[in-house]
There are 2 protein chains.
Amino acid sequence: MDEFTLIKTLFQPLQELGREEQASSSFLKKIGDDAAVWKGQGNLAFSIDTLVEGVHFTPDIPPDDLGYRCLAVNLSDLAAMSATPLFYTLAITLPKVEQAWLSAFISGMENLARKHQISLVGGDTTKGPLTITIQAHGSCPDPVYRDGAKVGDDVYVSGSLGDAAAGLKLWLDRNTLTLDEHKNYLIQRFHRPTPRVELGDALSGVAHAMLDVSDGLLADLTHIAEASDVSIMVDAHLLPLSDALLNSFDKHQAVEWALTGGDDYELAFTAPVEACDAVRFLSRILNIPITRVGSVASSNTEASVQVKNAVIDVTRLGYNHFQNE
Amino acid sequence: MDEFTLIKTLFQPLQELGREEQASSSFLKKIGDDAAVWKGQGNLAFSIDTLVEGVHFTPDIPPDDLGYRCLAVNLSDLAAMSATPLFYTLAITLPKVEQAWLSAFISGMENLARKHQISLVGGDTTKGPLTITIQAHGSCPDPVYRDGAKVGDDVYVSGSLGDAAAGLKLWLDRNTLTLDEHKNYLIQRFHRPTPRVELGDALSGVAHAMLDVSDGLLADLTHIAEASDVSIMVDAHLLPLSDALLNSFDKHQAVEWALTGGDDYELAFTAPVEACDAVRFLSRILNIPITRVGSVASSNTEASVQVKNAVIDVTRLGYNHFQNE
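This is a predicted model, so every value here is computed, not measured.

Across its full length, chain A holds 11 helices and 11 strands. Since a compact globule built from 325 residues should have a radius of gyration of about 20 Å, the 20 Å found for chain A is in line with a globular shape. Its C-alpha atoms give chain A principal-axis dimensions of about 65 × 50 × 35 Å. Taking all 325 residues of chain A together, the buried fraction comes to 61%. Taking as baseline every contact in chain A between residues at least 6 positions apart, the subset at least 24 positions apart corresponds to 84%.

Spelled out as structure tokens, the structure:
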């Protein structure tokens, strides 16, 4: 079997995971021609993201985790728009075609794709340094942007923060450590982030502004503050920290990662005070912790994010605008 | 100015080149949020392609040519579906942010984007080995696939063939050569291929099957033969060879490149004999040479492409199915 046929065969299972209606009636053509053709209806949200070996993941990441993660970060972007994923394209650059590696990579991706019933509908395979680009597409009848935050809104985050940064640290140091259940959980949180697809979808009409936490809470809330022209106050006492994180690292380190560590892929959003019951209800029915971590303090010319009760000095982290109280 | 701001500023001009109606009313959100949101209507064709340094282009390619070329190969895929380009996304991995290089790259891309009035609507910039992935999207009310070729169809190609392969050879050897007008033309054909967008669009309803010549005429016609389950006969005497090619290389070499050289990005299509006047008319009004190079010979179980009058031995090129007559 030549490389071309091998790749084609290996990727086949990813092409038929869509919900029946979107797999058949919505696609006139998927893989196998010069382009895919989608019979469109309604708003289509799409997000493109590249992961580069040595930059976004270490060369020794298990390939199934890598496949999972590449798709997860894109689905997280869709969730942050309140979009429901429909399908995706994959451009993968590989140093060589190694069947075992590729099979594992695809099985990790399939795991997540199957859960959300989305199909691979187009792609390109090229030779070169390992680089993976995915464009994910979703249905988005009522998008939630970054620019809708209003003064008086509460600021919420899903899940817990800082786990992924801790997980990366543990992964890099794993040969010098004994990995207990907590530490393995944190590594998993880095390698297999959970895109909050159902929550993002449900928050349409509830959240005023939303994004996913990929660069770190403070950096990401700054995007909301700037786009909405408001200032946001985060209370470090309120940050949701997992038992695994608190069991594995001291409080200072945990808070620092929760504020500035990236890659958690939790949703951060603002919602009016009246929506607090709706948020609590969604948290319960979706079984996803949602924590109020602050509020939109004021509308001013210098959009900014400030932190109170930080047990650490956030100014040394390069965030000039933050003040400790 | 930090790198992030620099990149944002440099890419700005690419974001507002769309036709008025598609730039404003069709996009709820372009760059600047977690995802772009397109207010869809009708069939959307999309194609994703990656170009890797050292594989698809040499490290010394002029950056403006590279920017042009990356977009051109994607628009060519859309043309091959008979789709009209609407917008595109760009994921670029850069070893470092060098303003002069990036400005030239963007200006080359802008040149082509402006011609087709298409906007950059989303993207990702990452650090790593130079790799460029573009997904181009087009409106496609009446797509032409690869699988529609019928016995008795004529087989046509646009423009001339073999120029890009010759251009690549000349580019690699340029330090040992005197580059005359012809040779520079061939290099340009490799670096700045012309996507046949208007022709592809116009061939909807005329062509039975179509694709763009990226891997070489014989390899690409094999895709049509296999998808349509037919056998195709190409007459090497009929191949359109440019004056520049015939002036720079001997006939044998020219024919070999026309049959097997890639990267010409011309359209190859089949159409019924009755359509020959329509094809001639399109050639004249669009001012694009279109040449009949063969015909769809028979429907058989062993889909194949055969060559007659080849002045070269095509079997030595690794194409088992081809026969000389």
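Here the narrative resumes, following the displayed structure.
Residues and elements named next belong to chain A. The UniProt record marks Asp215 with the feature "binding site: Mg(2+) 5" (unreviewed entry), using the residue numbering of this structure. Tracing the sequence through the fold places Asp215 in the loop between strand E7 (209–212) and helix H8 (217–228). Look at Asp215 and you get partly exposed, because its relative accessible area is 45%.

Here we come to the UniProt feature "domain: PurM-like C-terminal" (unreviewed entry) in chain A. What UniProt calls "domain: PurM-like C-terminal" (unreviewed entry) maps, in this numbering, to residues 150–299 of chain A. With 44% helix and 19% strand, residues 150–299 of chain A has end C-alpha atoms that lie 8 Å from one another.

Time to look at the domain arrangement of chain A. Residues and elements named next belong to chain A. Looking at chain A, the domain boundaries give domain 1 (3–139) and domain 2 (154–317). The straight-line distance from the C-alpha centre of domain 1 to that of domain 2 is 27 Å. Facing 23 residues of domain 1, the contacting portion of domain 2 comprises 21 residues. Along the contact surface separating domain 1 from domain 2 lie 4 salt bridges. Elements with a contribution of two residues or more to the side of domain 1 that touches domain 2: helix H3 (63–80), strand E3 (84–94) and helix H4 (99–116). Top element by residues in the side of domain 1 that touches domain 2 is H3. It accounts for 11 residues. Across the side of domain 1 that touches domain 2, the residue classes break down as 10 nonpolar, 8 polar and 5 charged.

A few words now on the sheet that holds strand E9 (residues 267–271) of chain B. All names here are of chain B. Within the open sheet, the 6 strands sit side by side as E7-E9-E6-E10-E8-E11. Their pairing is mixed. In this open sheet, the two edge strands, each paired with only one partner strand, are strand E7 (209–212) and strand E11 (304–308). Sheet twist, expressed as the average angle between the axes of neighbouring strands with direction ignored, equals 25 degrees. As defined by bridge partners, strand E8 (residues 231–235) adjoins strand E10 (residues 290–298) across 4 bridges and the pair is classed as antiparallel. Its bridge partner lying in E10, Ile232 is registered against Val296. On top of the sheet, helix H8 (residues 217–228) reaches strand E6 (154–158), E7, E8, E9 and E11; it is set at about 150 degrees to E7, its chief contact.

Right, let's get into the relation of the copies chain A and chain B. With an axial shift of 0.0 Å and an RMSD of 0.0 Å, the rotation relating chain A to chain B amounts to 180 degrees. Overall, the copies show the geometry of a two-fold rotation axis. Of all interface residues in chain A, 100% are interface residues in chain B too; the two copies therefore contact each other through one and the same surface.

Attention shifts here to the packing of aromatic side chains. All chains considered together, the criterion is met by 10 aromatic pairs over all chains. An angle of 85 degrees between the planes, with centres 4.8 Å apart, marks the rings of A:Phe249 and A:Trp257 as edge-to-face. The ring centre of A:Phe190 lies 4.5 Å from the NZ or CZ of A:Arg69, which sits over that ring. The positively charged end of B:Arg174 is found above the aromatic ring belonging to B:Trp171, 3.7 Å away from the centroid.

By a frequent convention, interface size equals the accessible area lost on bringing the separate parts together. Each partner contributes to the interface: chain A provides 52 residues, whereas chain B provides 52 residues. When the buried surface of chain A facing chain B is broken down by residue, A:Asp34, A:Phe46 and A:Ile48 rank first, second and third, together holding 19% of it. The tally of links between chain A and chain B comes to 2 salt bridges. Among the ionic pairs, B:Arg146 bridges to A:Asp34, the shortest N-O distance being 3.1 Å. Scanning the region where chain A abuts chain B turns up 14 residue pairs in polar contact (both at pLDDT 80 or more).

Residues and elements named next belong to chain A. Overall, the coordinates contain 28 salt bridges over all chains when judged by the stated rule. Ionic pairing is found between Asp65 and Arg192, a salt bridge with its closest N-O pair at 2.6 Å. Residue Asp65 is found in helix H3, and its partner Arg192 is found in the loop between helix H6 (181–191) and helix H7 (197–202); the two are separated by 127 residues along the sequence. In terms of burial, Asp65 and Arg192 fall into one category: buried. What emerges from the salt-bridge pattern is a single network uniting Asp163, Arg189, Arg196 and Glu266.

Another aspect to go through is the environment of A:Leu246. Assignment of secondary structure puts A:Leu246 in helix H9 (residues 243–248). If we skip the residues at most four places from it in the chain, A:Leu246 touches A:Leu241, A:Lys251 and A:Ala254.

Any two packed helices are characterised by the angle at which their axes cross and by the distance between the axes. All names here are of chain A. Between helix H1 (residues 3–11) and H4, the shortest axis-to-axis distance is 10 Å and the interhelical angle comes to 25 degrees. Judged on the interaxial angle alone, H4 and H1 are roughly parallel. Helix-helix and strand crossings are classified by hand; for H1 and H4 the assignment is right-handed. When H1 is examined against H4, the residues Leu6, Ile7, Leu10 and Phe11 are found in contact with a partner set consisting of Gln99, Leu102, Ser103 and Ile106. Here the contact of H1 with H4 is composed, by residue class, of 6 nonpolar, 2 polar and no charged.

A separate point is the sheet that holds strand E6 (residues 154–158) of chain A. Residue and element names in this part refer to chain A. Spatial ordering of the open sheet is given by E7-E9-E6-E10-E8-E11, a layout of 6 strands whose pairing is mixed. The open sheet terminates on both sides in strands that have one partner only, identified here as E7 and strand E11 (304–308). Along the sheet, successive strands turn relative to each other by an average axial angle of 25 degrees, direction set aside. Strands E6, E7, strand E8 (231–235), strand E9 (267–271) and E11 of the sheet are contacted by H8, whose axis makes an angle of about 150 degrees with E7.

Cut-offs applied
Residues numbered from 1 in each chain as written. Chains lettered and ligands numbered in written order. Predicted model: local features only at pLDDT ≥ 70, side-chain atom pairs only at ≥ 80, totals over all residues. Heavy atoms only, no water. Helix = DSSP H or I, 4+ residues; strand = E, 2+ residues; numbered from the N terminus. Rg over C-alpha atoms; globule rule 2.2 N^0.38 Å. Buried < 20%, exposed > 50% of the residue type's maximum accessible area, 1.4 Å probe, protein only. Contact = heavy atoms within 4.5 Å. UniProt positions renumbered as here; feature names shortened; annotations may be inferred. Domains from an automatic or database assignment. Salt bridge = Lys/Arg side-chain N within 4 Å of Asp/Glu carboxyl O. Nonpolar A, V, L, I, M, F, W, Y, C, P; charged D, E, K, R; others polar. Pairing = 2+ DSSP bridges. Axes fitted to C-alpha atoms, helices over the stretch in contact; angles between N-to-C directions. Least-squares fit on C-alpha atoms with pLDDT ≥ 70 in both. Phe/Tyr/Trp six-rings, centres within 6.5 Å; stacked < 30°, edge-to-face > 60°. Lys NZ or Arg CZ within 6 Å of the ring centre and 35° of its normal. Buried area = accessible area lost by both parts, 1.4 Å probe. Polar contact = N/O pair within 3.5 Å; in protein donor to acceptor, adjacent residues only side chain to side chain. Parallel < 35°, antiparallel > 145°, perpendicular 65-115°, else oblique. Left-handed = near helix turned anticlockwise from the far one by under 90°.

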